[in-house]
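Coordinate analysis (summary)
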Amino acid sequence: MDIVVAPNPILRQVCEPCEVGDKGLKKLAKEMAKAMYANNGVGLAAPQVGVLKRLIVVDCDVESEKKNPIVLVNPEIVEQSEESSIEGEGCLSCPGISVPIERSLWVKVSFYDLDGNACTVEADGLWARCFQHEIDHLDGKTLFESAGPVDRLQALQDYETALASGAKPGETDVRVR
Ligand code: NI
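My aim in this report is to walk through the structure given alongside it, one point at a time.

Conventions used here
Residues numbered from 1 in each chain as written. Predicted model: local features only at pLDDT ≥ 70, side-chain atom pairs only at ≥ 80, totals over all residues. Heavy atoms only, no water. Donors = N, O, S within 2.8 Å, 3.2 Å for Na, K, Ca; no water. Helix = DSSP H or I, 4+ residues; strand = E, 2+ residues; numbered from the N terminus. Buried < 20%, exposed > 50% of the residue type's maximum accessible area, 1.4 Å probe, protein only. Pairing = 2+ DSSP bridges. Axes fitted to C-alpha atoms, helices over the stretch in contact; angles between N-to-C directions. Contact = heavy atoms within 4.5 Å.

1. Some details on the coordination of the nickel ion
- The coordination sphere of the nickel ion, as far as protein atoms go, consists of C91 (SG), H133 (NE2) and H137 (NE2), spread over 2.0 to 2.2 Å.
- In the primary structure, the donors to the nickel ion are separated according to the pattern C-x41-H-x3-H. Of this pair, C91 sits in the loop between β4 (84-89) and β5 (99-104) while H137 sits in helix α2 (residues 125-138), and the two are 46 residues apart along the sequence. The exposure classification of C91 matches that of H137, with both residues buried.

2. Here's the deal with the pairing of strand β2 (residues 55-58)
- What you see with β2 is no split at all: L55 and V57 on one side and I56 and V58 on the other are buried throughout.
- Note: strand β1 (residues 43-45) against β2, 3 bridges, orientation antiparallel. Along β2, the bridge assignment pairs G43 with V58.
- Strand direction decides the pairing type here: β2 and strand β3 (residues 70-80), joined by 4 bridges, are antiparallel. Across the sheet, residue V58 finds its bridge partner in β3, namely I70.

3. Observations concerning the sheet that holds β3
- Strands sit in the order β1-β2-β3-β6-β7 across an open sheet of 5 strands; the sheet is antiparallel. Unpaired on one side and paired on the other, β1 and β7 (118-124) mark the two borders of the sheet. Geometrically, the sheet is characterised by an average inter-axis angle of 40° between neighbouring strands, direction not taken into account.
- Here helix α1 (residues 24-38) sits on the sheet in contact with β1, β2 and β3, set at roughly 40° to β2.
- Contacting β1, β2, β3, β6 (106-112) and β7, α2 runs over the sheet at an angle of about 155° to β2.

Okay, here's the thing in structure tokens:
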């Protein structure tokens, strides 16, 4: 599976809910996880592989040898902390750059698993940031739309430079300022 890269308009679409329990989602999730690991990502949303459905795959356990991705069907943030932090984020669809983004420190996410069971997960740290990032993708938001106005302008400039220098998905440090 190839990663869709900005500014491809696919990334700006709002995705449709999945049919809960749809057997075809298992294959999609498996292929997405494969693409995520192949590109050293910690999360991937279906629109990033050209599928406009509300499904994300996340694995922030980068230390672990075991590949154990969490698949979230129709994920929704149902609670989040007011307390937030701003940190540099990369994205497989915006290769070569890192953009400061403000995110809640803690989130509670409701979703369905691949068997159609209703689940919730609570997360902080990198996991919380990643859930927020991937769910933004489902609403057509990339790093550029999630950043504040000043950082957005800088990011767009950096991205032009990164693309011109041939940045590939998985790279976050090609920016030249
Ligand atoms: Ni992303």
